[in-house]
Amino acid sequence: MAGPAFHTHLAPAQMTTQVHPPIQTDSPLPDAPSYPLAVPVLPPIKPDSPTIEADTQTYRAGLVILDGNVVITSGTAATARRVDADHIEYDTDSGDLTLTGHVIITAALNDERLTASHGTYNLKTTTGTLYDVSGSVGIKPATSSHRLVYTTTNPFLFMGSRVVKSGPRTYDIYDGSVTSCLLPHPDWLLTAAHFAITADKASAHNSIFRIQRIPVFYLPYVTHPTDSESRQSGFLIPTIGQSGTRGTVLGEQIYLTLGRSADLIVGAEYYSAIGFEQNASFRYKGQGLDFITAKYSGVVDQRPLSENQGGEDILLAGRRDLTPNTRAATNIEYLSSYVYREAFSNEFNQAVTSDILSTAFVSTHRDGYDFVGLADRYQGIKLIAQGTTPQQQVRIFHAPTLSISSADHRIASSGIQFSLDASASGLKRSQPNFVTSGIVERFDVHPRLAYPIHLAEWNLVPSVAARETVYSRSQLNRGPGQAPTESTAPLARSSFDAGFELRPPVLERTFAPPPAIARWLGDEVRHTIEPELTYRFTTGINSFQNVLRFDDIDVQSNTNEMEYGVTQRLFRRKRLTKPCRTASDFDGGLNPEGTGAAAAAATSQLPGVGPMRTPTTRPNDCRSEELISWRLTQKYFFDPTFGGAVVNGRRDIFTSTLELSGVAFLTEPRNISPLISRLRVRTSALTDIEWDFDLDTGASKFTSSNVYVDLHQGDFFTALSYARLDAPGRFYTEGVASANATTVPGVSTAVSDFNQLRYLVGYGNPGKAGLSIAANTGLDLKSLYGATSTSTVAGVTTTNSTVFPALFQYAAVQTSYNWNCCGVAFEYRKFNLGTIHNEPGYRFNFTLANIGTAGNLRRAERLF
């Protein structure tokens, strides 16, 4: 029978005895002999001595023999080590352990866990040799269940018939395997006769890569990272695919680490039907918000010139905080050809984007003033090259601009507020029929005075402003249908601005909803009405047609206008299981259940937290949330010609119209603008519905109408967007449109008319185990309306209508299946962008957790 369990600090094997005086009793037996009592005395315990638990302990010849449920622990909480076994022989001088039966070694430092049948281990050096081993690093049991959880981004698990542990994270594994999946049934693993594992990586020669135990690849040499804080240079998993127009796709990339804060990826892809694509990506992360990223992609198209779609795209972005108030930032892109982007981009939105803005600036903030030095380049496509027609672009440069702007500053105690915007710019514009000769200098100064007035709940802010803008060159209008020409004559533009902004009191009502919808709306519903009125008068700009156009400063015009609008909001307070408590119930703000002095005392005793003031608003569990917001606004123009700036039959854009809507509506003098509506409904955190439209009451049509719906319920999701535009067209010249916009040179179209629908539906997410599936599509609904033609035969007129099927601009279907630590995804995608990009394509990838992805379906292009 086993003896009682011992819980003791281990001492050296030699024990001594100390003889005590005879035991004295109050009433000794008359004939009882008196013997001295021998008590074992252990030597003093060292502070770092291990602690032992075992059923039996035997000390023999410098060894401690431990049997039955043996547990030896040592180290501090951060460096704790534990050894479990059925039988352990411990040399207290050297720290060597001989382990037999159900061996388990765990270490807190790396969340290390090793199980073995037998072996040797040294407590002092944490080294040893173990047999029939199953081990893991970076994994530990969850606190609330028996499941295992990863504690690092690069966990690794291994098995081996023999494992030699030569350091805290240094192992030699013989006849074993390495994986990052949970054992004993991993989704993937690498097997080899010998793995060398260090604190940085696991490496092996002549290894076999297996999926679900099935051999897939033979790898002459392979490495696997084992340190979540470090990265390794090497070859990435190759890319293999098939494209309808590109042919067979084969690609490879090299990953290079450039210190702790930077890395570089360089690679190439071969398209059997086209040629080669080169790509590179550089990343740097500095302190705080500092960063640099650079990307390059380019295609060498080996087809004839008439079919050539090659080009380059270079992107550079970065930021550097020079001081707490000063930073430098840049976002620069160079695109050699829009045809290249449209043909080779795998994202629809990027493929059809025709505008590029490159910017670099340095800004500093001092006492409410912002000082900025900026240089930028706008590049916009107006006509894509087709056949013998050359590509046409507009390029606008700010090279550079120095500006100062300020928030409102109160002048002494007068209540008058002063603000200022000023800039000095060097400008250049280039387009097919107009190029500025050299740099055009522009100086702009715009001071403003305002005086806020508060009368009860009424708020009125009258203001006056002056503006002076000087140009080193100007332009000459050559009449209808003629492009303007540059003039070397300077131009000075002076204007005066006056107006006011009026905010009447907000009207509100709080009421209890009917019981039928109370579960949805909650206990209370609050309806608010927020009216607003703004008047603006600008005069002095009598040379609008002679101003060169570079940015919004140059479209300032005379105006005499009134803007009026109203915003309605509907708030709800959700139904609560407990009564809503007021601020007085919270006192210190940190103990909702306590009140008065007790709560204040409890607050003051929190470590590192001082007493808090009583909140002046209701606590969070009583907050209202906005359910519906609807804003309606419109402008009335007392001067329908904007001081003569409006040109009949041409799309006119002024600062006044840009501030109201991004959709142009001025093609002739008019007194009233379209009605602008912005409606949003948010029924829950997972539901968004929005409808924005511009209603031109004069033309009795919607110039724009955009609907957006986004719904999520568990793993199901869907999104729909509808966009309708019926507005004056986008001209790249300043010609005048004719009735059909086809007889005037340089005019692209009289009307921007499109009607498009986007839809997405799916189930799942990237981290979901099991099946996920999603599909999206983009439709050009204009084709549904078809075409109408008339013909007259023998005096009889016949109308013929043709209805075309909906045009799919793009469509994609993706499905994926994830196991424990690997997954596979497939996609079918179809683009229909005219003759440039019209192809079906199949893509796939296979993902290994903590390793990488093989295939040509990139994460950024997934629908989930």
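Residues numbered from 1 in each chain as written. Predicted model: local features only at pLDDT ≥ 70, side-chain atom pairs only at ≥ 80, totals over all residues. Heavy atoms only, no water.

Moving on: the overall build of the protein chain. Along the backbone of the protein chain there are 6 helices and 53 strands. Across the 864 residues of the protein chain, 38% fall into the buried class. Across the protein chain, the fraction of contacts at a sequence separation of at least 24, relative to all contacts at a separation of at least 6, is 50%. Total accessible area on the protein chain stands at roughly 46400 Å², and carbon and sulfur atoms take up 59% of it. (Helix = DSSP H or I, 4+ residues; strand = E, 2+ residues; numbered from the N terminus. Buried < 20%, exposed > 50% of the residue type's maximum accessible area, 1.4 Å probe, protein only. Contact = heavy atoms within 4.5 Å. Areas by Shrake-Rupley, 256 points an atom, 1.4 Å probe, with all protein chains shown as cover.)

A few words on the confidence of the model for the protein chain. Averaged over all residues, the pLDDT of the protein chain is 80; the fraction at 70 or higher stands at 78%. Across the protein chain, the element-wise mean pLDDT spans from 35 in helix α4 (residues 596-604) up to 97 in strand β32 (residues 440-450). Predicted confidence is poor over residues 41-47, with pLDDT under 50, and the contacts of this stretch with residues over four places away or in other chains come to 9 contacts. (pLDDT = per-residue confidence, 0-100.)

This part is about the side chain of S74. Secondary-structure assignment places S74 in strand β6 (residues 63-74). Ignoring anything within four residues of it in the chain, the contact list for S74 reads P50, T79, A80, R81 and L123.

Our next topic: the environment of P504. Along the polypeptide, P504 turns up in the loop between β37 (491-503) and β38 (507-511). Separated by 27 residues in the primary sequence, P504 and P531 place their C-alpha atoms 6.3 Å from one another. Not counting the four nearest positions on each side in its chain, P504 is found in contact with E457, W458, P531 and E532.

What makes a disulfide is a covalent bond joining the sulfur atoms belonging to two cysteines. Counted according to the given criterion, the structure contains 1 disulfide. There is a disulfide in this structure between C181 and C821, and the S-S distance comes to 1.4 Å. Disulfide C181-C821: torsion about the S-S bond near 75 degrees, hence right-handed. Within this pair, whereas C181 is found in the loop between β14 (170-179) and β15 (188-197), its partner C821 is found in the loop between β50 (807-818) and β51 (822-833), the two being separated by 640 residues in sequence. Sulfur of C822: no disulfide; nearest cysteine sulfur belongs to C821 and is 5.5 Å away. (Disulfide = S-S within 2.5 Å.)

On to the pattern of salt bridges. Following the criterion strictly, the structure yields 32 salt bridges and no others. With its nearest N and O atoms 4.0 Å apart, the salt bridge here joins R448 to D408. Here D408 lies in the loop between β28 (392-406) and β29 (409-410) and R448 lies in strand β32, a separation of 40 residues in the sequence. Under the relative-accessibility criterion, D408 is labelled partly exposed at 43%. (Salt bridge = Lys/Arg side-chain N within 4 Å of Asp/Glu carboxyl O.)

Turning to the packing of aromatic side chains, a few remarks are in order. By the definition in use, this model includes 18 aromatic pairs. Geometrically, the ring pair formed by F544 and F654 is edge-to-face, given 5.0 Å between the ring centres and 80 degrees between the ring planes. On the criterion of sequence distance, the pair formed by F544 in the loop between β39 (524-539) and β40 (559-573) and F654 in the loop between β41 (625-637) and α5 (655-660) is long-range, its members being 110 residues apart. When its relative accessible area of 0% is taken as the criterion, F654 is described as buried. Members of the aromatic cluster, each reached through a chain of ring pairs, are F500, Y535, Y636 and F638. (Phe/Tyr/Trp six-rings, centres within 6.5 Å; stacked < 30°, edge-to-face > 60°.)

A399 connects to P400 through a cis peptide bond whose omega is -10 degrees. By the secondary structure assignment, P400 is in strand β28. The backbone of H102 shows a phi angle near 50 degrees, a positive value even though the residue is not glycine. Within the secondary structure, H102 is located in strand β8 (residues 96-107). Note on H102: relative accessible area 62%, which makes it exposed.

A few words on the nonpolar core. Residues I88, L97, L99, F158 and Y171 are the most contacted members of the largest nonpolar core, which totals 43 residues. Of the residues forming this core, the biggest block, 5 residues, is contributed by β15. One finds V339, F344, I381 and I836 within the second-largest nonpolar core, a separate group that totals 13 residues. (Core = buried A, V, L, I, M, F, W, Y, C linked by side-chain atoms within 4.5 Å.)

With that settled, consider the pairing of β41. As paired elements, β40 and β41 share 12 bridges and run antiparallel to each other. What sits directly across from T567, in β41, is R631. Direction of pairing for β41 relative to strand β42 (residues 675-684): antiparallel, over a ladder of 6 bridges. The residue bridging S629 from the neighbouring strand is R680, located in β42. (Pairing = 2+ DSSP bridges.)

With that settled, consider a nonpolar patch on the surface. A contiguous nonpolar surface patch, about 550 Å² in accessible area, is contributed by I240, L250, Y270, F276, F826 and F844. Of note, Y270 is situated in strand β21 (residues 262-271). For Y270, a relative accessible area of 33% translates into the label partly exposed. (Patch = residues over 30% accessible without salt bridge, like charges linked within 9 Å, V, L, I, M, F, W, Y side chains within 5 Å.)

Another point: the side chain of T687. Here T687 lies in strand β43 (residues 687-696). Only 3.2 Å separates the side chain of T687 from the side chain of S684, close enough to count as a polar contact. Dropping the residues within four chain positions of it, T687 is found in contact with V681, R682, D710 and L711. (Polar contact = N/O pair within 3.5 Å; in protein donor to acceptor, adjacent residues only side chain to side chain.)

Along the chain, G841 turns up in strand β52 (residues 837-848). Residue classification places G841 among the buried residues on the basis of a relative accessible area of 15%. Residues G841 and S243, 598 residues apart in the sequence, show an inter-C-alpha distance of 5.1 Å. Setting aside anything within four residues of it in sequence, one finds G841 in contact with E827, Y828 and R829.

Mapping A518 onto the fold places it in helix α3 (residues 515-521). Through-space distance from the C-alpha of A518 to that of R572 is 9.9 Å; in sequence the pair is 54 residues apart.

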